[in-house]
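Working through the structure, step by step
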Amino acid sequence: MRKTATLTFSLLAAAMLLTGCGSEKKDAGPAKTGGASPSASASSGAKGSSSGMKGVPHQVVFEVGGTGASKVMWMGNTNHFEQVTLPWTKTESIQLEGAELKVGVTVSVVPGSVKASDGMLKAAPCTIKVDGKLVADNQDGKSPEPCMYKLKD
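The following paragraphs examine the structure supplied in this document. Just so you know, these numbers come straight off a predicted model, no measurement behind them.

**Focus: the overall build of the chain**
When you go through the chain residue by residue, the secondary structure sums to three helices and eight strands. When the helices and strands of the chain are listed from N to C terminus, the series reads α-α-β-β-α-β-β-β-β-β-β. The 153 residues of the chain split such that 33% are buried. A separation threshold of at least 6 residues defines the contact pool for the chain, and within that pool the share at least 24 residues apart is 57%. Summing over all exposed atoms, the chain offers an accessible surface of approximately 9300 Å²; the carbon and sulfur share of this is 59%.

Shown next, in the form of structure tokens:
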């Protein structure tokens, strides 16, 4: 029961984070196209000079192990939540730009539950690899925490 509550809390926390993170990208779009007021133009001009910088592309591989089907939520270039067939792998190319170069970007995968050998539900095993290097692992599902990593250049 404790593991289920922890997983549920992790999913809800991740969903709240995803919702907040997604809104920043939407607000940044109109600023790039130019604003109607002079103060908006001045601030987007300052913003534009730093947002033009881009880092190197990184290959990020999200993996969830197990068998059967499970819900999986992952955050890479965009946020996703869907039913998948296990084992599951998703590869994305992520290139940091602007302020992301300084502060980084969190990438994560939140696996759903799978049936353990004893018949009990447990968190599915998950990993994240960046440019071929393992950077996050939930120890074959022994940790109820999602796999998370702060990607920086």
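Continuing now.
**With respect to the side chain of Ser70**
By the element assignment, Ser70 lies in strand 1 (residues 54-75). Polar side-chain contacts of Ser70 include one of 3.5 Å to the backbone nitrogen of Gly112. Beyond its immediate sequence surroundings of up to four residues, Ser70 is in contact with Glu82, Gln83, Val84, Leu86, Gly112 and Ser113.

**Comments concerning the pairing of strand 6 (residues 126-130)**
The element strand 6 is largely enclosed, with a buried count of four among its five residues. Strand direction decides the pairing type here: strand 1 and strand 6, joined by five bridges, are antiparallel. Within strand 6, the residue paired with Val61 across the bridge is Lys129. Two successive antiparallel strands, strand 6 and strand 7 (residues 133-137), enclose a turn made up of two residues, where Asp131 displays a positive phi of approximately 50°.

Cut-off values and rules
Just so you know, the residues in each chain are numbered from 1, in the order the chain's sequence is written. Totals for whole chains, interfaces and linings use all residues, but because this is a predicted model, local features are given only for residues with pLDDT of at least 70 and pairs of side-chain atoms are given and counted only at 80 or more. Values reported for side chains reflect all heavy atoms of the structure, with hydrogen atoms and water molecules removed beforehand. Secondary structure elements follow DSSP: runs of H or I no shorter than four residues count as helices, runs of E no shorter than two count as strands, and numbering proceeds from the N terminus. Burial classification: accessible surface area is computed with a 1.4 Å probe over protein chains only, and a residue below 20% of its type maximum counts as buried, one above 50% as exposed, and the rest as partly exposed. Contact criterion: two residues are considered in contact whenever any of their non-hydrogen atoms come within 4.5 Å of each other. Accessible areas in this description were obtained via Shrake-Rupley with a 1.4 Å probe; residue shielding takes into account the shown protein chains only. Polar contact criterion, stated in full: a pair of N or O atoms within 3.5 Å, where within protein one must be able to donate a hydrogen and the other to accept it, and residues adjacent in sequence count only if both atoms are side-chain atoms. Any two strands between which DSSP finds at least two bridges are classified as paired.

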